[in-house]
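Topology and contacts: notes
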Amino acid sequence: MEGELHEECGIIGIYSTEAYPVAKDVYYGLYALQHRGQESCGIVVNEDGLFYSHKDLGQVSTVFTAEELERFPAGNMAVGHVRYGTTGGNNRSNCQPMEVNHQKGKMALAHNGNISNAYRLRNELELSGAIFHSTSDTEIIAYIVTRERLKCPSIEAAVLSTMNLLEGAYSIALMSAAKMIVARDPHGFRPLCYGLREDGTYVAASETCALEAVGAKYVRDVEPGELLVFSEEGVQSFREHCGKKTRSTCIFEYIYFARPDSVIDGVSVHSARLKAGEILARTYPVIADVVVGVPDSGLDAALGYSRYSGVPYGIGLIKNKYIGRTFISPTQEERTSGVRIKLNPVRSTVEGKRVVLVDDSIVRGTTSGRIVKLLREAGAKEIHMRISSPPFISPCYYGTDIDSKENLVACKHTLTEIAELIGADSLGYLPLDSLPELVGHSGYCHACFSGQYVTDVPEVVSKERFEKRLSEL
């Protein structure tokens, strides 16, 4: 809906020494990662070096019917992807995993993140004769890996060489004819982990919830800068790029993106959100009758607020789970109706009550204003908004679709003014200096809240920058 944040992508890779219906496991894993992207999805299966794929626009349940899954052969490897694009438009050519046939063999690549120097890299590649078939930065990674493979003794060496050229955020799962490779950028912006099943099957994924969905036991996170190779020899770790950059895991993974049952870099997402609610209650106490969370990512923080403050926790908003976050609302009237379709207040919880309303963020303020209005109409006497993140003041160049400064309400209005705009009696954001309490360390990226970037700001930042270039030809 208008004004909402959009997720990252989600990736999964599976390697087994024996062939089996691996596509079904990838399907289950992608279902667990569906919250990270609903624009498109895809699966590529490796059967003795031959690749079989299916990709399309839409969510996992619609793209992969039972008949479609049955068409996949048994294989010992597969990679899968769910997409919300932060580079390139929503069209079939940008669906992942991306496949490449080249002199050294086949390759399928799934990518989560955003390459901040993609515009410069693509210019250089096109000037050298490269031809691109999509407008996604993932194809840039695939092209460089293919080029480097011609000079390197192995596919893993080619990926390590490629990592020297990439800037920004990338967690990738790459499948060749004989190996599965996963790698995480040296800053560790985006999560990546792997697990092992009792039958010896390895599973790598964006979040631990996907490992559990296919029966794999979490082993560990992939370290920032690390590359892992899964093959007949087991698991090999390459750490040439580790420790060269400041660890900068996206703090918003804990606040909003990740599923609450996931663990990222050893930190429980659920626990981090509970802590955010506790901090809000400590920083912005208020006399109230009930604490209500905005589904889904505001619920854990609301529970944390309730536990610390002693104000009872209540279910005050019901979410229609059959409407995705990409619900299309082209007109103002339809956008307002969209909120009513997606969220409905529980009158018995809020009527005549002083309500603490906890949500994960405010972007433009329009959606928050409509939710406050819903609770007012349901009879809430007072509404005190509490936000489990600091105010957004800067766009993100590492894979989060955060709007430009001119559309961020916190860049144009004071706290009191924002409260008035959304119709709340009071408003409190998570303090910026309290973020280390969520994860227990300071190795995270907070650029969208502070404007302090850990890489150079890209020259061209529009999501449709490559589409616009094509339209100028």
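Figured I'd write up the structure that's included with this text. (Residues numbered from 1 in each chain as written. Predicted model: local features only at pLDDT ≥ 70, side-chain atom pairs only at ≥ 80, totals over all residues. Heavy atoms only, no water.)

**Structural notes on the sheet that holds strand β3 (residues 50-57)**
- Here seven strands make up an open sheet; going across it, the order is β3-β2-β4-β1-β10-β9-β11 and the pairing antiparallel. Two strands bound the open sheet, and with one partner strand each, they are β3 and β11 (217-221). Averaged over all adjacent pairs, the angle separating strand axes in this sheet is 15°, with direction ignored.
- Where strand β1 (residues 10-20) lies against strand β4 (residues 75-83), seven bridges are found, and the strand directions are antiparallel. Looking at β4, one finds that Ile11 is bridged to His81.
- In the packing of helix α1 (residues 22-32) onto the sheet, contacts are made with β1, β2 (40-47) and β4, and the angle to β4 comes to roughly 25°. (Pairing = 2+ DSSP bridges. Helix = DSSP H or I, 4+ residues; strand = E, 2+ residues; numbered from the N terminus. Axes fitted to C-alpha atoms, helices over the stretch in contact; angles between N-to-C directions. Contact = heavy atoms within 4.5 Å.)

**Describing the sheet that holds strand β12 (residues 227-231)**
- Strands sit in the order β5-β6-β7-β8-β12-β13 across an open sheet of six strands; the sheet is antiparallel. Of all strands in the sheet, those with a lone pairing partner are β5 (98-102) and β13 (234-238), marking the two edges. Between one strand and the next, the sheet's axes are offset by a mean angle of 20°, whatever the strand orientation.
- In terms of strand pairing, strand β7 (residues 168-176) meets strand β8 (residues 180-184) through five bridges, oriented antiparallel. Bridged to Ile172 within β8 is Ala183.
- Lying on the sheet, helix α5 (residues 137-149) is in contact with β5, β6 (105-115) and β7; it crosses β6 at an angle near 135°.

**Examining helix α6 (residues 155-163)**
- In terms of residue burial, α6 counts as a mostly covered element, since eight of its nine residues are buried.
- The set of residues buried in α6 consists of Ile155, Glu156, Ala158, Val159, Leu160, Ser161, Thr162 and Met163.
- Residues of α6 that are buried sit in contact with β6, α5, β7, β8, β12 and β13. (Buried < 20%, exposed > 50% of the residue type's maximum accessible area, 1.4 Å probe, protein only.)

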